[in-house]
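Residue-level structural notes
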Amino acid sequence: MTSDTQTDATPAQGPVLVVGGTGKTGRRVVARLRERGVETRAASRSGDTPFDWQDRTTWQTALDGAAALFVVPLDASPSPTPALIEQAVASGVRRIVLLSARGVDTPGYFGPDQDGGGPHGEGEQAVRAAGVPWTILRPGWFAQNFDEGAFLPGVRGGTLALPTGDGRAAFVDADDIADVAVAALTEDGHTGEVYELSGPRALSIPEALEEIAKESGVRAAFVSIDESTFRDGLLSQGVSEVEANLWTGALRPIAASREAVVLDGVRRALGREPRDFTDFVRDAAARGAWG
């Protein structure tokens, strides 16, 4: 959908600041921009441009001279994203692409205790009110959670225990997310767009694990557990109560198969179909992701 108050603009000329530039999505965005010859700053606590969400003294140096901004928000409430957006616009940033999340505008998507969009909803409101061209990306669960994220220890360890039951999700490839982000940062035609991103088909967790086993030879069993057991397990590992609640809530859309609906954002943004989970598994196995 296109905002009534937004008109398309020529992509901003100058450095692109990628906040979260060493994460799953951010590092892919950085690599693609640099391949295009775009001056790019990878901003994070470990990136080439120092940036710490918790230390606002690092923000201005990262922003100085930047023409465009890609933001991977911090999962914290109240969100610091609105303050960063305000400071970015005041510093001369003229194009913003925000990584949000699927379902932030759907009441009850993450459960009754997490309505209102949370940190992602706060970020979206700030971007819409910023007064510069913007694009919002709303991906569902990443395929990369199986090879470099939260599911990897369970896959490698032989048992993946989650409170998802027989729910299904159309896992989206982070490479597709990065391609859409780069298009929005460097091309015309994306101003005021909200791209809902998913893969081309839905799978259950056991089906995803079976695909991984067939391609890599690494077989993991899925164990369906209840939310309280999952949450207690996170707490026992030293995860904070806030983070444990966020992770538990984030899995509810899979359990309810709300993530199973295939969305058209990749096709609308790029004019092609999203990558299939099988393609992701084949590439990850070839890299030795699962041992």
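Residues numbered from 1 in each chain as written. Predicted model: local features only at pLDDT ≥ 70, side-chain atom pairs only at ≥ 80, totals over all residues. Heavy atoms only, no water.

Here the focus is helix H3 (residues 81-90). By the burial criterion, the buried members of H3 are Thr81, Leu84, Ile85 and Ala88. Seen from one end, H3 has its buried residues packed into an arc of 100°, which puts them on one side. Projecting away from the buried face of H3 at angles above 90 degrees are the exposed residues Glu86 and Ala90. On its buried side, H3 packs onto strand E1 (16-19), helix H2 (59-63), strand E4 (68-71), strand E5 (95-99) and helix H4 (118-128). With its phi angle positive at about 110°, Gly92 sits one or two positions after the end of H3. (Buried < 20%, exposed > 50% of the residue type's maximum accessible area, 1.4 Å probe, protein only. Helix = DSSP H or I, 4+ residues; strand = E, 2+ residues; numbered from the N terminus. Arc of directions from axis to C-beta. Contact = heavy atoms within 4.5 Å.)

Across the five residues that make up E5, a large majority, five, are buried. Neither face of E5 is open: one carries Arg95, Val97 and Leu99, the other Ile96 and Leu98, and all of them are buried. Bridge count for E4 against E5 is four bridges, and the pairing is parallel. Pairing of Leu69 across the sheet is with Ile96, part of E5. Crossover connection from E4 via H3 to parallel E5: handedness right-handed. In the sheet, E5 pairs with strand E6 (residues 134-139) via four bridges, with the strands oriented parallel. (Pairing = 2+ DSSP bridges. Right-handed = clockwise from strand over helix to strand, strands pointing away.)

This paragraph deals with the packing of aromatic side chains. Inspection of every chain in the model, using the stated rule, returns 12 aromatic pairs. Between the aromatic rings of Trp53 and Trp59, the centroid separation amounts to 5.9 Å while the plane-to-plane angle is 85°, which identifies the pairing as edge-to-face. With respect to class, Trp53 is no different from Trp59; both count as buried. Between Phe146 and Phe277, the aromatic rings sit 5.5 Å apart at their centres with planes inclined by 80°, giving edge-to-face as the arrangement. With Phe146 in the loop between E6 and helix H5 (152-157) and Phe277 in helix H11 (residues 277-286), the pair connects residues that are 131 residues apart, well separated along the chain. Both residues of the pair, Phe146 and Phe277, belong to the buried class. Linked through ring pairs, Trp141, Phe146, Phe151, Phe171, Trp247, Phe277, Phe280 and Trp290 together constitute an aromatic cluster. (Phe/Tyr/Trp six-rings, centres within 6.5 Å; stacked < 30°, edge-to-face > 60°.)

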